Amino acid sequence: MYLLGYDIGSSTIKAALYNVETGDVVGIVQYPERDMDMISRRAGWAEQQPEVWWQDFCMATRRLISQCEIHPARIKGIGIGYQMHGLVLVDKDLHVLRPSIIWCDSRAVTIGRQAFNDMGQEHCLMNYLNSPGNFTASKLKWVKDNEPDIYHRIHKILLPGDYIAMKLSGHATTTISGLTEGIFWNFREKQIANDLLEYYDLEGDLLTETVPTFSVQGKVTKAAAEMTGLAPGTPISYRAGDQPNNALALNVLHPGEIAATSGTSGVVYGIVDRPIFDPKSRVNAFSHVNYEDNHDRIGILLCLNGAGIEYSWMKHQVARSGRNYSDMERMVSSVPVGSEGVCVLPFGNGAERIFENKDLNAHIFNLQFNRHSRAHLFRASLEGVAFSFVYGINILKEMGIDVDVIRVGNDNMFRSKVFAMTIATLLGSQIEVVDTTGAIGAARAAGVGVGIFNDLEDALQGVTPHIIHEPGLNFDQCSRAFAHWKSCLGKILHQNTDQRNIPKKLRENIATLKEETKQKSKDLASMALKIDSKKKLLHDFETRLSELLNNVGTNNPAVKKELRNLVKLIQQDKQEVNDWDTFQEHFDILNDDYFKRLQKLHSGLSIVEMKLCTLLKMKLSTKEISTQLNLSVRGVETRRYRLRKKLNLKKGEKLVSYLEKI
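Residues numbered from 1 in each chain as written. Predicted model: local features only at pLDDT ≥ 70, side-chain atom pairs only at ≥ 80, totals over all residues. Heavy atoms only, no water.

(A) Looking closely at the packing of aromatic side chains. Applying the stated criterion to the full structure yields 20 aromatic pairs. Summarising the aromatic geometry, the rings of Trp 45 and Trp 142 are spaced 5.3 Å apart at their centres and angled 85° between planes, so their arrangement reads as edge-to-face. Of this pair, Trp 45 sits in the loop between strand 3 (25–31) and strand 4 (47–48) while Trp 142 is found in helix 4 (residues 136–146), placing the two residues 97 residues apart along the sequence. As far as burial versus exposure is concerned, Trp 45 and Trp 142 are alike and both buried. Its guanidinium or amino end placed over the ring of Tyr 325, Lys 315 lies 5.4 Å from that ring's centre, counting from NZ or CZ. (Phe/Tyr/Trp six-rings, centres within 6.5 Å; stacked < 30°, edge-to-face > 60°. Helix = DSSP H or I, 4+ residues; strand = E, 2+ residues; numbered from the N terminus. Buried < 20%, exposed > 50% of the residue type's maximum accessible area, 1.4 Å probe, protein only. Lys NZ or Arg CZ within 6 Å of the ring centre and 35° of its normal.)

(B) Here's a closer look at the packing of helix 13 (residues 325–332) against helix 14 (residues 374–398). Between helix 13 and helix 14, the least distance of the axes is 8 Å, while the angle of their chain directions is 100°. By the angle class used here, helix 13 and helix 14 are roughly perpendicular. Contacts between helix 13 and helix 14 pair Met 328, Glu 329, Met 331 and Val 332 from the former with Arg 374, Ala 375, Phe 378, Arg 379 and Leu 382 from the latter. Its residues assigned to classes, the contact of helix 13 with helix 14 shows 6 nonpolar, no polar and 3 charged. (Axes fitted to C-alpha atoms, helices over the stretch in contact; angles between N-to-C directions. Parallel < 35°, antiparallel > 145°, perpendicular 65-115°, else oblique. Contact = heavy atoms within 4.5 Å. Nonpolar A, V, L, I, M, F, W, Y, C, P; charged D, E, K, R; others polar.)

(C) Focus on the side chain of Gln 48. Within the element layout of this structure, Gln 48 appears in strand 4. For Gln 48, a relative accessible area of 2% corresponds to the buried category. Among the polar contacts listed, one links the side chain of Gln 48 to the backbone oxygen of Asp 37, at a separation of 3.2 Å. Not counting the four nearest positions on each side in its chain, Gln 48 is found in contact with Ser 10, Met 36, Asp 37, Met 38, Trp 53, Gln 83, Pro 99, Ser 100 and Ile 102. (Polar contact = N/O pair within 3.5 Å; in protein donor to acceptor, adjacent residues only side chain to side chain.)

(D) Broad picture of the side chain of Glu 147. Summarising the element assignment, Glu 147 is placed in the loop between helix 4 and helix 5 (148–151). A distance of 2.7 Å separates the side chain of Glu 147 from the side chain of Arg 98, its partner in a polar contact. Apart from residues lying up to four places away in sequence, Glu 147 is in contact with Arg 41, Arg 98 and Trp 142.

(E) View of the pattern of salt bridges. Overall, the coordinates contain 18 salt bridges when judged by the stated rule. When the shortest N-O distance is used, the salt bridge between Lys 144 and Asp 201 registers 3.9 Å. Here the residue Lys 144 occupies a position in helix 4, and Asp 201 occupies one in the loop between helix 8 (194–200) and strand 12 (209–210), the gap between them amounting to 57 residues. Taking the relative accessible area as the measure of exposure, Asp 201 reaches 49% and is therefore partly exposed. One salt bridge connects Asp 273 with Arg 274, and the closest N-O pair in it is separated by 3.5 Å. Three or more residues are tied together by salt bridges with common partners; here these are Arg 41, Glu 47, Arg 98, Asp 105, Arg 107 and Glu 147. (Salt bridge = Lys/Arg side-chain N within 4 Å of Asp/Glu carboxyl O.)

(F) Spotlight on the sheet that holds strand 14 (residues 235–241). Taken in spatial order, the 6 strands make up an open sheet running 3-2-1-5-14-13, and their pairing is mixed. In this open sheet, the two edge strands, each paired with only one partner strand, are strand 3 and strand 13 (214–219). Along the sheet, successive strands turn relative to each other by an average axial angle of 25°, direction set aside. Both strand 1 (residues 2–8) and strand 2 (residues 13–19) contribute to a ladder of 7 bridges, which runs antiparallel. Looking at strand 2, one finds that Leu 4 is bridged to Leu 17. Contacts from helix 6 (residues 160–169) reach strand 1, strand 5 (75–82), strand 13 and strand 14 within the one sheet, and its direction differs from that of strand 5 by about 150°. In this fold helix 10 (residues 242–249) packs onto strand 1, strand 5, strand 13 and strand 14, with an angle of close to 105° to the strand it touches most, strand 14. (Pairing = 2+ DSSP bridges.)

(G) Fine view of the environment of Leu 616. Mapped onto the secondary structure, Leu 616 falls in helix 23 (residues 607–617). Separated by 39 residues in sequence, Leu 616 and Leu 655 place their C-alpha atoms 8.3 Å apart. Non-local contacts of Leu 616, meaning those with residues more than four positions away in its chain, are made with Ile 625, Arg 640, Leu 643, Leu 655, Val 656 and Leu 659.

(H) Spatial organisation of helix 1 (residues 50–68). Helix length check: helix 1, at 19 residues, gives a terminal C-alpha distance of 27 Å against a target of 27 Å (1.5 Å per residue), a fit within 8%. Every buried residue belonging to helix 1 is among Pro 50, Trp 53, Trp 54, Asp 56, Phe 57, Cys 58, Ala 60, Thr 61, Leu 64, Ile 65 and Cys 68, and all of these are buried. (Expected span 1.5 Å × (residues − 1).)

(I) Just the sheet that holds strand 18 (residues 298–304), in detail. Judged by pairing direction, the sheet is mixed, and its 7 strands sit side by side in the order 17-18-16-15-21-22-23 without closing on themselves. Edge positions in the sheet fall to strand 17 (284–287) and strand 23 (465–469), since each of these pairs with one other strand and no more. Sheet twist, expressed as the average angle between the axes of neighbouring strands with direction ignored, equals 25°. Examined bridge by bridge, strand 15 (residues 258–262) and strand 16 (residues 266–272) share 5 bridges and lie antiparallel to one another. Across the sheet, Ser 262 pairs through a bridge with Gly 266, a residue of strand 16. Against the sheet, helix 14 makes contact with strand 15, strand 16, strand 18 and strand 21 (405–408), and its axis sits at roughly 145° relative to strand 18, the strand it touches most.

(J) Looking closely at unusual backbone geometry. For the bond from Tyr 31 to Pro 32, the omega torsion is -5°, close enough to zero to count as cis. Even without being a glycine, Ile 183 presents a positive backbone phi close to 60°. Relative to the assigned elements, Ile 183 resides in the loop between helix 7 (176–181) and strand 10 (185–186). Phi is positive for Glu 340, close to 50°, though the residue is something other than glycine. Within the secondary structure, Glu 340 sits in the loop between helix 13 and strand 19 (343–347).

(K) Fine view of a nonpolar patch on the surface. Nonpolar side chains collect at one region of the surface, where Ile 364, Leu 367 and Phe 369 lie side by side and expose about 340 Å² of accessible area between them. Structurally, the position occupied by Leu 367 is in the loop between strand 20 (361–365) and helix 14. (Patch = residues over 30% accessible without salt bridge, like charges linked within 9 Å, V, L, I, M, F, W, Y side chains within 5 Å. Areas by Shrake-Rupley, 256 points an atom, 1.4 Å probe, with all protein chains shown as cover.)

(L) The arrangement of the packing of helix 1 against helix 6 in detail. Relative orientation of the contacting elements helix 1 and helix 6 amounts to 60°, with a least axis distance of 10 Å. Put simply, helix 1 runs oblique to helix 6. For the crossing formed where helix 1 meets helix 6, the hand is right-handed. Side by side, helix 1 and helix 6 meet where Pro 50, Glu 51, Trp 53, Trp 54 and Phe 57 of the first sit next to Pro 160, Tyr 163, Ile 164, Lys 167 and Leu 168 of the second. For the contact of helix 1 with helix 6, the per-class residue count stands at 8 nonpolar, no polar and 2 charged. (Left-handed = near helix turned anticlockwise from the far one by under 90°.)

Everything listed here is a matter of coordinates, which is why it stays silent on function.
Next comes the structure, spelled out in structure tokens:
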């Protein structure tokens, strides 16, 4: 007895056959081997032909049955996972009217934004948990406004998974989960979002009949059986979008559980037990696969467009010919945390929702041709995506979602130990790698729909991690690298900001933050100098105690023992890292690598002179500097005079002004 599962993406179709008796996956196929074509008639548009999905679906199915050498009648259920948010239009004969407008098409952005403002942001978030955005409902409104002839011929609208199920069964249906991903569902009223349909002037009867996610949703027709090689009457018993389905495959079903993937794009999908939303709409909320039973299982989806595609670009454009990801991982391991200053922002795959739909593009910072190699670029690329995940997951934390354990599949960037451990270290979380795929998850879920399994827990028995990544990198080093990455991100986010367009209150907030940053820099410098001074004092104590120890005679063993203990205590208290060096690193992050630029211009400066430069740049008074450096006011003035000469300043050129320009 077997179960058949599919993962129908925009690139390829994966099919998996699961043996119920043994619990083994007996076969997996992928078709086509190359990515499916995407139609882009205008910038920002993305369409595919649903008929091509069906042809590839049939080919994948025939190949799998042939490969596994089983009789198709032994397949007792079919589960379908599919690319979310697409729009398929069919007429009364269930023929496709136009190419499908798929998930990454952005033509309806303006329509959704207008609806968000007109209907009221609070209303949309409280009822739909999302802005209407660029989702299926807004895409349908675009068709109504721009292709009225096609719109008037529509009999039913379908999601990509609904279309495949229709081709198999001959009936057009959908699920509540599908309605939520199209923003056709009102979470507060637990019914169709009629107010959104009315605002868009869309007919409610365009939506299809709703069937339970786990149920016999239809059976394979004789015509479909001839095309696919399946047995007529085989039940279609499960259907869900790819991200809820991937979470199911990883056994992520309950509040507090998190699933993640980093393929072309990166996704984090967390389960909550109540309707919640992000006021800035940086993440999206959809019903999870088990929402219908409880009405309290909602998936919060965070998407990063620039993820695996960035590392794939590095492999194809930067790595030498013939290198694979394992080779790159070995090179990455030879570079320290932080990539010795190289920093990559991976946002080169379109507008990013976590940055409120800004299109930032990808960027590389601090690349030095005589110092950095391919290995540095590879590590900085992995870290750039990892830092993006951490940045996004912190948004989920702001929403009250716990992130103690993250479950991932074994077929994406999480196969990289460096990538996974960077995320685990910064979040203080475990990352559990599970040997499964979305197609396998869909097959198991199909068994619930036909009653082979009692429930999801029964179906997912044995879905456990085979690799666990725990925080294993140096946290301080990771934190400094992440802080540096965020500072680079901040530059890109604000580099084109027109001050005239910033509201007065925001300008005041920015000014306040600048003053707070300046004060923090002063406090940091003060602390570093005080610690440095105390360390010197401790060093003097250690030296004097050691001398006393050498001079104490053998007649005073108790005194000698106590002196040894005191010396030992002082030695144990010493830090391995020089505090002034630590201060320099933090100060560079806050002040655009100030120390590096200063040392490049004036390599002969001593540490004492560097300290004086820092305090002058922070505009401390002579009296304040004298306190920090433990000097008299006259002593500070003398050192300023000597520093001017060492910097070769011209007569009349102000020392502080010069230091500020560096």
